[in-house]
Amino acid sequence: LKIPANMAYLEEELSRDLGLKSLELNLDEVLPEVDFEELVMDNGILKEVMALIEAPQEDGKLMKTIGQLKTLEGLETKDSKALLGEREAVLKGLIMEYFAGGQS
Amino acid sequence: MKIKEITLNEYGKFNTQKVIKLSENRPNLIYGKNEAGKTTLVSAITELIFGFNPINRDKHPYLPWGGERLNLSMGYLDRRGERFKVRRLLSNNVKSTLEEGLDINNIGNAALPQADHLSKNIFNNVYRISAEQLQEIETRSFSELQDKLVLNYGNANVSPKEVLARLEEDIKTLYNPRSRGNKQRINELMDRINSLKKEKRDKESLYQEVRVMAEDIERLDKDIEAIEKTVIEKLQLKNKVSRYINPLELMEKIENLKASIPGYGTYEALDQGILSRFETLERQLGDFEKSLMEEKAYLRSKESKMTVLTGEESRALELEDRVAGIEEVEETLRIQTDYLKQINERVVEKLTSLAEYAKEIFVNPGLEIPAFNLQEIQTLFYRAREMEEVKGRAWVSGIKLLAIVGLLGYGVWAQNLYGLGVLGIALILVVLDYVDQRRKRKNTAATALKEKLAGLGVQKGIAENFSMMNLKSFESIQDLQKSLETLRENKQFLQQKLTASQEEYRASFEGFETVQDTRGLGVLLSEARTKLKLNEQLQEDLDRRRESIEKLGRRRLQAREEFEDVSRNITRYGGGSLEKGKENIRQFFSVRERVVHYERELRENHQLDDFQESLGGMDKELISEEYLRILENDLEVLGQEKLEKANRRIQLKTEIDHVISGDTLDVIDGKLLEAHEQLEVLTESHDNLLLFEAVLKRADEIFREKNQPDVLKLAGEYFRRMTQGRYTHIMIEDDEKMYIKDRTGEVIGADQELSAGTKNQLYLAFRLALIQFLDQGGEKLPIILDEAFSNWDEGRLEPTLKLIQEIARERQVLIFTCKENNIRYFENYLPEMERTII
């Protein structure tokens, strides 16, 4: 639907089927239907992201970075593994939001 | 994984079985014209490896026209050389089987076990290289494709770099510790919380002031209440004093007023309207006198206008009923005169005709025509004429003679009785004829006629030759004489009638001097009638006036009698003086009006009956104007005091309202709570974004460290071979941009001016390296090159196809084309190529 010709064709078909004089489609709120597992499988970076969320203790650099974060809640003082475990669902939601523009 | 054979039983346009055999070690060139089914075959390969998508048969784009299912199978070898066969069927549901030797497993719609390390998306987006993808890179910079190629296998649309940039922006939008403005939502919220806290503190301070003012208001309320109570008591007392003062004053006034009129009681019997009645009667009498004088003058004026009829007018009125009869007589006279005139004219006319006839016939035609007998003359004339006619007919005598001779001959010849009879008749006829002849010869009638006419004095010639015309003249003379006689008789009769009518007509106008006819009589009569009518109308008017005068006289009399009564009555109250009486009465009524008013006020407002009782135990000395003034003064002072306190109360109330305007403490607390909750949510979002950013950055680093060098190294090697050593390396530097190094050691940016062909080679090198990287350690899935080399020049095509041929030894390669021209190049540079035509 990002191709203008496809949009024009769809608008024409819909306006004919619905008996409208003209119709304009707005894709601003249209979100793709995304499967989270498939999204991660198709994206090498996200595989790494999920590996880090599930086992942050295996990456010292990440542990150090989180310990130095200037969070407003004071999260940097918490145990990084527990923190990521606690926020796993939120982080998955952010992955969907930023990488797929939608929810699974 | 290497495909040996694909069988399309029912799939897309292939609704009859189509078997395609492929080589596993050599490049496969699949040629088909447009619409031959190349794209269908690519889709079939993908679905055979990864399963149907969609799994709803009716929505599947390759459901054969008029068909009810999709049915296809594929034979392939895995990397160990084991043979497999997959069959996939999509009708109401999906059914797939995988055969390995004698084992048959149902795998549903799952991907083949040899492809479970990859997703269908990656296979479609990375393993299938199309002309469209190569065209795409010609219009974009390589930096735009870089992450897509290196980090996302060319699969995702969003790069980590873009996500990190967005994350940073979103975090800054939420909070920035160094920002002095309030553009960040958390900063803004924190400012708002501080502002609310300050507002709360100020409000608490104000509330203390309000409490003090409220206590003042409470005291003022009590004071005002006490004043109002006192005011009510004073008012009640004042009302009581006022109530007792008035009746006493009123009673005193009434007594004084009555005393001002001596003999007040004697006036009570007087009618209140006596004076006005007197004046009315006086005025009415004057009006009556005036009206009577006017009416009488009018009467005299009208009487003088009455008209007297003349003698002729009276006579005309007497004849009024006979006018129609006189008019009839007048008409009769006119008709009779006309008729007499007509008779005279006809007599003259007849006499003239008679004289003419006489002149023609008689010798001496005088005034008198001799009398004659017309019948006698006619008889003689017709007889003489008949005799003359008989004498003239000799042939009749001859015939008669022959007839007689014949009869005689027959009588002689017959000699019998009949003959004798006939003879006798003949003899009789002879005798009769003889007598007749004698008479005719004499004609005595003509002679008698002549003698007669001569005796009458008829002209000699006419008498001797008297003709039919002469006879007609005699007849006309006799007719004229008869007519004249009749006319003379009529004239005589009419003359008599006319004389009688004239006499009657003349008699009708006897006594008139000026009137001679009915027309004059009509004019006179009309004048007389008009006069009579006018006199009648005047008389009616006079009668009405006289009646009116009579009524006026009666009313004047009544008024005078009443006037005299009233005058006597008034004079009595003036000690014999009318004017004094009127003055006294006027004064009495004036006083009585005030007395009645005071009495009514007493009666209505003061309940005089209960007056003594209602005084109660009150000291009568207090019922005075002075005490009343003291009370009024007290009330005024109290009112002033109350007003001052009420004003102060309003002032305090206004100050309180002003102080507590805006939000209450509860509202401010509510807003604070809401702002804290929002801050908590935003803070958590901010921290989550920070956390996500940290993890993503670290993952990006790890991925790059882990994979980028291998992919870049292999892509660089492929690129070197494709460009026949012109370019030797591909690098990504610290600025995260891609660079390439040529054989001279010069490094140029991939975004700089590269030809479209070189860009295509670089892109293909990356894709081939990625494919190699993606299935390392697993089954190598086939590469599909779909018209990928359509626009390549020969110089670039040769080294690239040699590379492809080398890759095809370990990974199956399927090259699709619809261009016959390209086949020559493929034959030249891919000598081991297996050709398949669909």
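Scoring rules and cut-offs
Residues numbered from 1 in each chain as written. Chains lettered and ligands numbered in written order. Predicted model: local features only at pLDDT ≥ 70, side-chain atom pairs only at ≥ 80, totals over all residues. Heavy atoms only, no water. Helix = DSSP H or I, 4+ residues; strand = E, 2+ residues; numbered from the N terminus. Buried < 20%, exposed > 50% of the residue type's maximum accessible area, 1.4 Å probe, protein only. Contact = heavy atoms within 4.5 Å. Areas by Shrake-Rupley, 256 points an atom, 1.4 Å probe, with all protein chains shown as cover. Expected span 1.5 Å × (residues − 1). Patch = residues over 30% accessible without salt bridge, like charges linked within 9 Å, V, L, I, M, F, W, Y side chains within 5 Å. Salt bridge = Lys/Arg side-chain N within 4 Å of Asp/Glu carboxyl O. Lys, Arg positive; Asp, Glu negative; His and termini not counted. Charge placed at Lys NZ, Arg CZ, Asp CG, Glu CD. Pairing = 2+ DSSP bridges. Phe/Tyr/Trp six-rings, centres within 6.5 Å; stacked < 30°, edge-to-face > 60°. Lys NZ or Arg CZ within 6 Å of the ring centre and 35° of its normal. Axes fitted to C-alpha atoms, helices over the stretch in contact; angles between N-to-C directions. Parallel < 35°, antiparallel > 145°, perpendicular 65-115°, else oblique. Nonpolar A, V, L, I, M, F, W, Y, C, P; charged D, E, K, R; others polar. pLDDT = per-residue confidence, 0-100. Buried area = accessible area lost by both parts, 1.4 Å probe. Polar contact = N/O pair within 3.5 Å; in protein donor to acceptor, adjacent residues only side chain to side chain. Core = buried A, V, L, I, M, F, W, Y, C linked by side-chain atoms within 4.5 Å.

**A closer look at the overall build of chain B**
Assigned secondary structure in chain B consists of 24 helices and 14 strands. Counting only residues that meet the buried cut, chain B has 40% of its 838 residues in that class. Looking at chain B alone, contacts between residues at least 24 apart form 72% of all its contacts between residues at least 6 apart. When the accessible surface of chain B is split by element, carbon and sulfur atoms take 49% of a total near 49,100 Å².

**A short note on the overall build of chain A**
Looking only at helices and strands, chain A has 6 helices and 0 strands in total. Counting every position in chain A, which comprises 104 residues, the buried fraction comes to 37%. Accessible area for chain A stands at about 6,500 Å²; split by element, carbon and sulfur atoms hold 52% of it.

**A few points about helix H1 (residues 38–50) of chain B**
All names here are of chain B. Taking 1.5 Å per residue as the helical rise, H1 with its 13 residues ought to reach 18 Å, and the 18 Å between its terminal C-alpha atoms agrees with that figure. For H1, the tally of buried residues reaches 12 of 13 residues, placing the bulk of the element in the interior. Where H1 is concerned, the buried positions are Lys38, Thr40, Leu41, Val42, Ser43, Ala44, Ile45, Thr46, Glu47, Leu48, Ile49 and Phe50. Gly51 occupies a position one or two residues after H1 and carries a positive phi of about 100 degrees.

**Considering a negative patch on the surface**
A cluster of acidic residues, Glu33, Asp35, Glu37 and Glu38 of chain A, forms a negative patch on the protein surface. The residue Glu38 of chain A is located in helix H2 (residues 36–42) in this model.

**Overview of the pairing of strand E6 (residues 94–100) of chain B**
Residue and element names in this part refer to chain B. Of the strand pairs in this sheet, strand E5 (residues 83–90) and E6 are connected by 7 bridges, and their pairing is antiparallel. Among the inter-strand pairings, Leu90 is bridged to a residue of E6, identified as Val94. Pairing analysis gives 4 bridges linking E6 to strand E7 (residues 103–106), with the strands arranged antiparallel. Note on E7: the bridge partner recorded for Glu100 is Asp103. Where E6 folds back on E7, the antiparallel hairpin that results is connected by 2 residues, among which Gly101 adopts a positive phi of roughly 65 degrees.

**Examining the packing of aromatic side chains**
Aromatic rings considered in pairs are described by the distance between their centres and by the relative angle of their planes. Residue and element names in this part refer to chain B. Going through the model one piece at a time under the given rule, you end up with 20 aromatic pairs over all chains. Centroid distance Phe789 to Phe826: 6.4 Å. Interplanar angle 65 degrees. Geometry classified as edge-to-face. With a gap of 37 residues between them, Phe789 in the loop between strand E12 (783–786) and helix H23 (794–808) and Phe826 in helix H24 (residues 820–829) connect regions that are remote in the sequence. Comparing Phe789 with Phe826 shows no difference in burial state: the two are buried. The cationic tip of Arg545 hangs over the ring face of Tyr298; the distance from NZ or CZ to the ring centre is 3.9 Å. Sitting above the plane of the Tyr825 ring, Arg824 keeps its charged end 4.5 Å from the centroid.

**Side note on the packing of helix H6 (residues 88–100) of chain A against helix H21 (residues 665–722) of chain B**
Where H6 of chain A meets H21 of chain B, the closest approach of the two axes is 10 Å, and the angle between their N-to-C directions is 75 degrees. Taken as axis vectors, H6 of chain A and H21 of chain B run roughly perpendicular relative to one another. Between H6 of chain A, through Val90, Leu91, Leu94, Ile95, Tyr98 and Phe99 of chain A, and H21 of chain B, the contact on the second element is made entirely by Asn688, Leu689, Phe692 and Leu696 of chain B. The residue makeup of the contact of H6 of chain A with H21 of chain B, split by class, is 9 nonpolar, 1 polar and no charged.

**Examining the side chain of Thr46 of chain B**
Relative to the helices and strands, Thr46 of chain B is located in helix H1. With residues up to four places along the chain from it excluded, the contact list for Thr46 of chain B reads Gly51, Lys120, Phe123 and Asn124 of chain B.

**Some points on the sheet that holds E6 of chain B**
Residues and elements named next belong to chain B. Reading across the sheet, the 6 strands line up as E2-E1-E4-E5-E6-E7 and stay open at both edges, with antiparallel pairing between neighbours. Since the sheet does not close on itself, it has two edges, and those belong to strand E2 (18–21) and E7, each with one partner. In this sheet, adjacent strand axes meet at a mean angle of 15 degrees when their direction is disregarded. Sheet analysis places strand E4 (residues 70–77) next to E5, joined by 8 bridges and oriented antiparallel. Opposite Gly75, over in E5, you have Lys85 as the bridge partner. Each of strand E1 (2–10), E2, E4 and E5 touches H1; the most contacted strand, E1, lies at about 105 degrees to it.

**Points about the confidence of the model for chain B**
On average, chain B scores 86 in pLDDT, and the residues at 70 or more come to 93%. For this predicted complex, the interface score ipTM comes out at 0.78, alongside a pTM of 0.45.

**Comments concerning the sheet that holds strand E9 (residues 727–732) of chain B**
Residue and element names in this part refer to chain B. Strand order across the open sheet formed by 3 strands is E9-E10-E11, with antiparallel pairing between neighbours. Lying at the two open borders of the sheet, with one neighbouring strand each, are E9 and strand E11 (747–749). Averaged over neighbouring strand pairs, the angle between their axes works out to 30 degrees when direction is ignored. Pairing geometry for E9 and strand E10 (residues 738–742), over 5 bridges, is antiparallel. By the bridge assignment, His729 is partnered in E10 with Lys741. Across the sheet, H21 is in contact with E9 and E10; its angle to E9 comes to roughly 155 degrees.

**Observations regarding the interface of chain A and chain B**
Taken residue by residue, the interface counts 33 residues in chain A and 39 residues in chain B. Both faces combined, the contact of chain A with chain B buries some 3,100 Å², and carbon together with sulfur accounts for 68% of it. With its nearest N and O atoms 3.1 Å apart, the salt bridge here joins Lys61 of chain A to Glu701 of chain B. The interface formed by chain A and chain B contains 7 residue pairs in polar contact (both at pLDDT 80 or more). Contributing elements (two or more residues each) for the side of chain A that touches chain B: H2, helix H3 (44–54), helix H4 (60–68), helix H5 (80–86) and H6 of chain A.

**Let's talk about the nonpolar core**
Leu785 and Phe789 of chain B are the most contacted members of the largest nonpolar core, which totals 87 residues. Tallying contributions element by element places helix H22 (residues 756–774) of chain B first for this core, with 11 residues. One finds Phe36 of chain A together with Tyr175, Leu672 and Ala694 of chain B within the second-largest nonpolar core, a separate group that totals 48 residues.

**Some details on unusual backbone geometry**
Residues and elements named next belong to chain B. Following Asn53, the chain continues into Pro54 via a peptide bond in cis, with omega recorded as 5 degrees. Within the secondary structure, Pro54 is located in the loop between H1 and E4. Its identity is not glycine, yet Glu35 carries a phi of approximately 70 degrees, on the positive side. When you line up the elements, Glu35 lands in the loop between strand E3 (28–31) and H1. The exposure class assigned to Glu35 is exposed, which follows from its relative accessible area of 71%. Positive phi is not limited to glycine here, since Gln724 has a value of about 55 degrees.

**A few points about the environment of Asn109 of chain B**
All names here are of chain B. With respect to the helices, strands and loops of the structure, Asn109 is situated in the loop between E7 and helix H2 (120–127). Residue Asn109 is classed as partly exposed on the basis of its relative accessible area, which comes to 24%. Contacts of Asn109, omitting those with residues within four sequence positions, involve Phe50, Gly51, Phe52, Ile55, Arg88 and Val94. Looking at Asn109, its side chain comes within polar contact range of the main-chain nitrogen of Phe52, at 2.6 Å.

**Digging into a nonpolar patch on the surface**
All names here are of chain A. Residues Leu1, Leu10, Leu14, Leu18, Leu20, Leu27 and Val30 make up a contiguous nonpolar surface patch of about 570 Å² in total accessible area. Tracing the sequence through the fold places Leu14 in helix H1 (residues 4–18). Residue Leu14 is classed as partly exposed on the basis of its relative accessible area, which comes to 30%.

**Observations regarding the side chain of Arg767 of chain B**
Residue and element names in this part refer to chain B. Inspection of the secondary structure puts Arg767 in helix H22. For Arg767, a relative accessible area of 2% gives the class buried. A distance of 3.1 Å separates a polar atom in the side chain of Arg767 from the backbone oxygen of Arg128.

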